[in-house]
Amino acid sequence: MTEEEIKNAINRLRNREIEELYVKHEDFMAFREVLVVQDDFKHFKGIAQHGGNVVYRYLDTPRS
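Since this is a predicted model, take the numbers as computed values, not measurements. Numbering of residues starts from 1 in every chain and runs along the sequence as written. Since the coordinates come from a predicted model, pLDDT governs what is reported: local features require at least 70, and pairs of side-chain atoms require 80 or more to be given and counted, while whole-chain, interface and lining totals use all residues. Only hydrogens and water are set aside when side-chain values are computed; all heavy atoms of the structure are taken into account.

Visitor: Let's hear about the pairing of strand 3 (residues 54–58): which residues, and what values?
Guide: Throughout this description, buried means an accessible area under 20% of the type-specific maximum (1.4 Å probe, protein chains only), exposed means over 50%, and partly exposed covers the range between. Every helix listed is a DSSP run of H or I at least four residues long, and every strand listed is a run of E at least two residues long, numbered separately from the N terminus. Burial of strand 3 is extensive: four of the five residues sit out of reach of the surface. Direction of pairing for strand 2 (residues 44–48) relative to strand 3: antiparallel, over a ladder of five bridges. Within the sheet, the bridge partner assigned to G46 lies in strand 3 and is Y56. What sits between the antiparallel neighbours strand 2 and strand 3 is a turn of five residues, in which G51 has the positive phi angle 85°. Any two strands with at least two DSSP-identified bridges between them are counted as paired.

Spelled out as structure tokens, the structure:
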């Protein structure tokens with residue numbers, strides 16, 4: 001995934017255009033680099049999957 005694709009995917013999740021976002025193992029580090037600098041970073045919940053893949057969901061209330 002390119003940085004632009006990642007930003008678009010994050011915005012789609014944030015804006016509730018999609019309910020969850022599947023990030024493949026090979027894209028995880030690039031995705032995380034973009035995600036952690038978001039102002040609402042704590043609203044994103046990553047759920048680990050088999051093989052190092054992650055499913056992200058956007059929460060109404062930030063994680064503690």
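That covers the picture; the talk isn't over yet.
Visitor: A description of the environment of E33 should follow, citing residues and the corresponding values.
Guide: Here E33 is to be found in helix 2 (residues 28–35). Placed 30 residues apart in sequence, E33 and E3 show a C-alpha to C-alpha distance of 9.2 Å.

Visitor: Account for the nonpolar core, with residues named and values stated.
Guide: Counting residues in each nonpolar core, the largest one holds 14 residues, and the members touching the most others are I10, L13, L21, F31, L35, F44 and Y56. The set of elements that each furnish at least two residues to this core consists of helix 1 (3–14), strand 1 (20–23), helix 2 and strand 3. A per-element tally of this core places helix 1 first, with four residues. Remark: nonpolar core denotes a set of buried residues (Ala, Val, Leu, Ile, Met, Phe, Trp, Tyr, Cys) joined through side-chain atoms within 4.5 Å.

Visitor: I'd like to hear about the packing of aromatic side chains, residue by residue, with values.
Guide: Whether two aromatic rings pair depends on their centres lying within 6.5 Å, for rings of Phe, Tyr and Trp, where Trp uses its six-membered ring; planes under 30 degrees apart make the pair stacked, over 60 edge-to-face, and the rest tilted. By the definition in use, this model includes two aromatic pairs. Ring centres 4.9 Å apart and planes at 35° place the aromatic pair F31 and Y56 in the tilted group. Of the two residues, F31 is situated in helix 2 and Y56 in strand 3; the sequence distance between them amounts to 25 residues. Considering the side-chain rings of F44 and Y58, the 4.9 Å spacing of their centres and the 80° angle between planes classify their relative orientation as edge-to-face. Here F44, found in strand 2, pairs with Y58, found in strand 3; they are 14 residues apart in sequence, far enough to count as distant. One exposure class covers both F44 and Y58, and it is buried. Over the face of the ring belonging to F41 we find R63, whose NZ or CZ atom lies 5.3 Å from the ring centre. The criterion is that NZ of a Lys, or CZ of an Arg, lies within 6 Å of the ring centre and within 35 degrees of the ring normal, and then a charge sits over that ring.

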